[in-house]
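Close look at the chain arrangement
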Amino acid sequence: MKISYNWLKDYIQTDLSVNQIAEILTDTGLEVEGVEEFESVKGGLEGLVIGKVTSCKKHPNADKLSVTTVDVGTGNELPIVCGAPNVAEGQKVVVATVGTTLYSGDESFKIKKAKMRGEPSEGMICAEDEIGLGTSHDGIMVLDDSAQVGMPAREYFKIEKDTVFEIGLTPNRIDGASHIGTARDLAAFLKTNLIKPSVEDFKVDNTNLHIDIEIEDKKACPRYTGVTVTNVKVGQSPEWLQNRLKAIGLNPINNLVDISNFVLHETGQPLHFFDADKIEGNKVIIKTLSEGTPFITLDEQERKLSSEDLMICNIKDAMCIAGVFGGIKSGVTERTKNVFIESAHFNPVYVRKTAKRHDLHTDASFRFERGSDPNITVYALKRAALLIKELAGGEISSEIVDVYPEPVQDYKVDLTFRNLKRLIGKEIAKDQVKSILASLDIKIIQEDDEKFSLEVPTYRVDVQREADVIEEVLRIYGYNNVEISEHVNSSLSYSQKPDKEQIQNTISDILSANGFHEIMCNSLTKADYYNGLEKYSPDNLVKIYNPLSNDLNVMRQTLLFGGLESVMYNRNRRNPDLKLYEFGNCYYLNKTDDENPLNKYDQEKHLALFLTGNKTDESWTTQQEPTTFFMLKSYIENVLTKLGIDTNKIESSDHSSDILSEGLNYSYNTKDLVYFGTLSKKILKSFDIDTPVYYAEFNWDHVVKQSAKSSIRFTEIPKYPEVRRDLALLLDKSVTFKQIQELATKTEKKLLKKVSLFDVFEGDQLGENKKSYAVSFILQDENKTLTDKQIDKIMNKFIQVFEKELNAQIR
């Protein structure tokens, strides 16, 4: 959500800096995620000045060019070659001096000294489209003769400069989704008054156009308010209004549409303007229509309505999807003369389901989905009507029709002083609490020695419990004003073994120290990722009943897809060399007849690793090498080793699947610990990734349990040296290094410390389906030095076993 600093100051008097405002908003629960500068004209007309053409002659070498001299107030007249047909001596003009950057859409160019057909030119006399003040390119801008030579153009045209706060609005703070709502928090914190625009001047001019309102579905529409304004003139909005909308990222359309958007972002109340002449029978009916009814919305798309979609209709046709999107036939146009203004309160559940059903997410639906204030409709209606009279002319031609069958009352909440102190951790003076509550429009109806009985205004849809009120008091009082107690209370508590958090932190530290970056992806993902996969069946997905979008409609079964979204995001921003890891829960649907609904769901904690791109950054000292499967394998085994799991006792098996084009699965004591390998091209293609990605996913719950059964033991550094012997083995291609390792370990259990593969060779000279492995064996006796006789005996045993079991030949 964007909030304009200049606009905000219309509702609160303050001289605080932008940074101070940002800090206060964040401290009071409206987190400022960013601050950016805004200028009503791109570039702010920097470098442009008002000049006077002191001479103008035809260019000697070009029929369509003029050679001019321009006084820009510096004492030296500038020679400027101009191609505009209307340039003339004596004119006051806008001049872009040398070094000025001019903007045209997304493009820009810098003014430089130049020679044009042999004549020097040290600047540019500008047309309005060249500096962003209009669209005409018929000729240069000719200013009023009162314009002062040398005055900066930004001052002459009164270019507005603003600062815009980007606020990360949480779903519960819809009351802050407007400039008045944001100013209300600031006023409460600063103990000053909120300045709301007055609507006391609202009066009915005549009753020439009355429109009846009927609500058929009162649950879906608890309140509907309307009024008509006639004889309006649709045109361009004044500059101040355009600047307000531009600052928050909206494009001005015309005065009527702009007023609707302005009031929305001022008060937080969505409005809808209908062309009153298109309301058949002069009656508005709020109802649902039959299933499959076609309706064309403002974007010219025909949509099939659900029987649960609430619609705004006249006596013949539907005109608008309530709280979501208008229809193409009933909206205001440049020919509109009479307007019917809608200001309503719709049930959030109905709006949310309709917006999701049609994939229509608008500023109006955003607010209605989270809960609008039912008691602001009349104020917003009057505000809009007065602005229409001011900016588009016209007359208010009906009484306000307000259909509100069951008025929504303020929420009743009791606030006890005991709980206030208990939850905040500090006793706040009653008078200060009263002041804070009053600044938040929370009324104290009754008080005694133990509590306040309160009425919370309806615009605070999230404040309905005592704990909510306490949070309100605390955020205005200031979290930073709650001191840390000097008296530390401690107690003994049971610590679960193994300590899962400590283990996770240890592994996180190891991975981060090895160049990995931790990522945190959304537990919600889209079901389409799982279509056609055997490993993760769509039938086991935990589905969300009311998802925010189709991209977030199920709980994840794997960490794979969130990680690949991160890989794609980084690659698209020229960051292709990645080492990522994530700890996160995965969720599954259990097919069970158990009556307990919670037993239908299961979750596991997983750890995922991603490798792609090159091992190291580009450098003159080393050649770049791509990441490999074996690089990933080493990280996996380091993690397991750190947790005390003996990698020599791990059972490995092939894990090629629709996820991995080639891979392995590690299990330990019959429990699957991790599968890993090279992601399939089909998976990568769906994310537009064209380089290999190596992926591992640990069942972290299983890993932690096996870690608890394992132990890391200290042994002294051996006093006696180790001995290395190498063998070159000619083997069938089907033989794996794992087989060699297991046979060697089985053959010599006491003195063999390590088996390593340090070279692999394949070629026609070895024979069909043959390969050569060069294997090293580390031998050591911790109690004495090994003799050549002992070593030779062991190596001969290895040779015999390899020849017998693996059909190996010693090269």
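Because the structure is predicted, anything quoted here is derived from the model rather than measured. Once a new chain begins, its residue numbering starts again from 1 and follows that chain's sequence as written. For this predicted model, a pLDDT threshold of at least 70 governs which residues receive local features, and a threshold of 80 or more governs which side-chain atom pairs are given and counted, while totals over whole chains, interfaces and linings are taken from all residues. For side-chain calculations, the full set of non-hydrogen atoms in the structure is used, while hydrogens and water are omitted.

1. Some thoughts on the sheet that holds strand E39 (residues 770-779)
Adjacent strands of a sheet pair through backbone hydrogen bonds, lying either parallel or antiparallel. Ordered by their spatial adjacency, four strands build an open sheet running E38-E39-E37-E40, and the pairing between neighbours is antiparallel. Single-partner strands in this sheet number two, and they are strand E38 (752-761) and strand E40 (809-810). When DSSP finds at least two bridges between two strands, those strands are taken to pair. Labels follow the DSSP assignment, with helices taken as runs of H or I lasting at least four residues and strands as runs of E lasting at least two, numbered in each case from the N terminus. For strand E37 (residues 723-732) and E39, the ladder comprises 10 bridges, and the chain directions are antiparallel. Across the sheet, the residue bridging to Leu-727 is Val-775, located in E39. Note on contacts: a residue pair is in contact if any heavy atoms of the two residues lie within 4.5 Å. Only the stretch in contact is used when a helix axis is fitted, and all axes are lines through C-alpha atoms; the angle between N-to-C directions ranges over 0 to 180 degrees. Each of E37, E38 and E39 is contacted by helix H18 (residues 737-747), which is oriented at about 150° to E38, the strand it contacts most. Of the strands in this sheet, E37, E38, E39 and E40 touch helix H19 (residues 788-806), which is tilted by about 15° from E37.

2. Describing helix H4 (residues 179-190)
Expected span, for any helix, means 1.5 Å times one less than how many residues it has. Between its first and last C-alpha, H4 extends 16 Å over 12 residues, near the 16 Å set by a 1.5 Å rise per residue. Any residue under 20% of the maximum accessible area for its type is buried, any over 50% is exposed, and the rest in between are partly exposed; the area is computed with a 1.4 Å probe on protein chains only. Within H4, 10 of the 12 residues are buried, which leaves it mostly tucked inside the rest of the structure. Of the positions making up H4, those classed as buried are His-179, Ile-180, Gly-181, Thr-182, Ala-183, Arg-184, Asp-185, Leu-186, Ala-187 and Ala-188. Positive backbone phi, at 60°, marks Lys-191, one or two positions downstream of H4.

3. Overview of empty space enclosed by the protein
Throughout, the protein atoms alone are placed on a 1 Å grid, and a set of points is a cavity if a 1.4 Å probe fits but cannot get out or a pocket if it is open with protein on both sides within 12 Å along at least five of seven lines; lining residues have an atom within 4 Å of a point. Grid points are joined across faces, edges and corners, and a volume is the space filled by probe spheres set on the points. Counted under the stated rule, the structure contains two cavities of 30 Å³ or more. Space inside the largest cavity adds up to approximately 60 Å³. Residue lining of the largest cavity: Val-41, Lys-42, Gly-43, Leu-45, Glu-46, Leu-48, Thr-101, Leu-102, Tyr-103, Glu-130 and Ile-131, and that is the complete set. Considering every element that reaches the lining of the largest cavity, the biggest residue donor is strand E7 (residues 101-104), with three residues.

4. Observations regarding the pattern of salt bridges
Definition used for salt bridges: Asp or Glu carboxyl oxygen within 4 Å of a side-chain nitrogen of Lys or Arg. Scanning the model with the defined rule gives 41 salt bridges in all. Across the salt bridge formed by Arg-184 and Asp-441, the nearest N and O atoms sit 4.0 Å from each other. Taken as a pair, Arg-184 in helix H4 and Asp-441 in the loop between helix H11 (430-439) and strand E26 (443-447) lie far apart in primary sequence, 257 residues in all. On the accessibility criterion, Asp-441 (37% relative accessible area) is partly exposed. Here Arg-475 and Glu-472 are joined by a salt bridge, their closest N and O atoms 2.8 Å apart. Of this pair, Arg-475 and Glu-472 both sit in helix H12 (residues 466-477), three residues apart, roughly one helical turn. Judged by relative accessible area, Arg-475 falls into the buried class, the value being 3%. Salt bridges here are not isolated pairs; linked through shared partners, they connect Arg-173, Asp-175, Asp-185, Arg-460, Asp-462, Glu-472 and Arg-475.

5. Topic: the packing of H11 against H12
Where H11 contacts H12, the axes come no closer than 10 Å and their chain directions differ by 100°. If you check the angle between H11 and H12, you find them roughly perpendicular. Here Gln-432, Val-433, Ile-436 and Leu-437 of H11 lie close against H12, whose contacting residues are Val-469, Glu-472, Val-473, Ile-476 and Tyr-477. Nonpolar residues are Ala, Val, Leu, Ile, Met, Phe, Trp, Tyr, Cys and Pro. Charged residues are Asp, Glu, Lys and Arg, and all others, Gly as well, are polar. For the contact of H11 with H12, a count of residues per class yields seven nonpolar, one polar and one charged. Note that the term roughly parallel is reserved for angles under 35 degrees, roughly antiparallel for angles over 145, roughly perpendicular for angles of 65 to 115, and oblique for everything else.

6. A word on the pairing of strand E5 (residues 77-82)
Along a regular strand, successive side chains alternate from one face of the sheet to the other. Strand direction decides the pairing type here: strand E4 (residues 66-71) and E5, joined by six bridges, are antiparallel. Across the sheet, the residue bridging to Val-70 is Leu-78, located in E5. Hairpin connection of E4 to E5: five residues between the antiparallel strands, including Gly-73 at a positive phi of 85°.

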